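Close look at the chain arrangement
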Amino acid sequence: MLITPEYAQQNRDLHERSSHFGSKGSQWAAYVEQLVIEDGHRTVLDYGSGKGSLAETVKRAGILVAEYDPAVSGKDAKPEAADLVVCLDVLAHVEPELLDNVLSDLARLTKRKLFFDICLIPALKTLPDGRNAHLIVQTADWWKEQLSRVFDVTHCTPHPSGFLYGE
């Protein structure tokens, strides 16, 4: 299991009430385009795609992105593996008891490279049930340890705004 039905509904409700929730993927579009060009990736999956801003933005460069998000109708079907998997501001939203399942799923889907961005601070948004939207708030070192159990983390940089990003 990657997400409980109750938590999926909490996220669906948050997507519906907030136009900004799940819409930050476009800020990484230039870097994703660079990865596709430099590494020759043929397929790209946005894991936790939210409103789809990454796919919409890189489409102008001719890059097609498959989207998966278990809390968005029409994007909740089990995705196919891709050369490049992009997971932007998703992992902090995962239910802690299901993190290992999600990391295993990311490993299953990643053929060549995973690019991730993880927020290290509490979210500004709350779920309809009152919890902070970031269920896992941990340090960069903690996240690197979790990811290194499943992936060969070659680049991992804490960002001044509180994000950890890497590949």
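Residues numbered from 1 in each chain as written. Predicted model: local features only at pLDDT ≥ 70, side-chain atom pairs only at ≥ 80, totals over all residues. Heavy atoms only, no water.

**Notes on the pattern of salt bridges**
- Within this structure, the stated rule accounts for seven salt bridges.
- Across the pair Glu56 and Lys59 runs a salt bridge, and its minimum N-O distance is 3.4 Å.
- For Lys59, a relative accessible area of 45% gives the class partly exposed.
- Residue Asp105 pairs with Arg108 through a salt bridge whose shortest N-O separation is 2.8 Å. Taken together, the residues span about one helical turn, with Asp105 and Arg108 both in helix α4 (residues 99-109) at a distance of three residues. (Salt bridge = Lys/Arg side-chain N within 4 Å of Asp/Glu carboxyl O. Buried < 20%, exposed > 50% of the residue type's maximum accessible area, 1.4 Å probe, protein only. Helix = DSSP H or I, 4+ residues; strand = E, 2+ residues; numbered from the N terminus.)

**Regarding the side chain of Gln146**
- Residue position: Gln146 is located in helix α5 (residues 140-148).
- Only 2.7 Å separates the side chain of Gln146 from the side chain of Arg149, close enough to count as a polar contact.
- Gln146 has contacts with Leu99 and Leu103, leaving out every residue within four places of it along the chain. (Polar contact = N/O pair within 3.5 Å; in protein donor to acceptor, adjacent residues only side chain to side chain. Contact = heavy atoms within 4.5 Å.)

**Concerning the nonpolar core**
- In this structure, Tyr47, Val85, Leu91, Leu106 and Leu147 are the most contacted members of the largest nonpolar core, which totals 24 residues.
- Among the elements of the structure, β1 (44-47), β3 (82-88), α4, β4 (110-119) and α5 are those that each provide at least two residues to this core.
- By residue number, the principal contributor to this core is α4, which donates five residues.
- The contacts of Leu91, once residues within four sequence positions are left out, are Leu99, Val102, Leu103, Leu106, Ile118, Ile136, Trp143 and Leu147.
- If you look at the next biggest cluster of nonpolar residues, it comprises 15 residues, including Leu35, Ile63, Val65 and Val86. (Core = buried A, V, L, I, M, F, W, Y, C linked by side-chain atoms within 4.5 Å.)

**Some thoughts on α5**
- Taken together, the buried positions of α5 are occupied by Ala140, Trp143, Gln146 and Leu147. For α5, the buried positions fall inside an angular range of 125° around the axis, keeping them on one side. Looking at α5, the residues exposed on the side facing more than 90 degrees away from the buried face are Asp141 and Glu145. (Arc of directions from axis to C-beta.)

**Notes on the pairing of β3**
- Where burial is concerned, most of β3 is hidden: seven out of the seven residues are buried.
- Across three bridges, the pairing between β1 and β3 is parallel. Following the sheet pairing, Leu45 is matched in β3 by Val85.
- In the sheet, β3 pairs with β4 via six bridges, with the strands oriented parallel. Along β4, the bridge assignment pairs Leu84 with Lys113.
- Note that the unit made of β3, α4 and β4 has a crossover that is right-handed. (Pairing = 2+ DSSP bridges. Right-handed = clockwise from strand over helix to strand, strands pointing away.)

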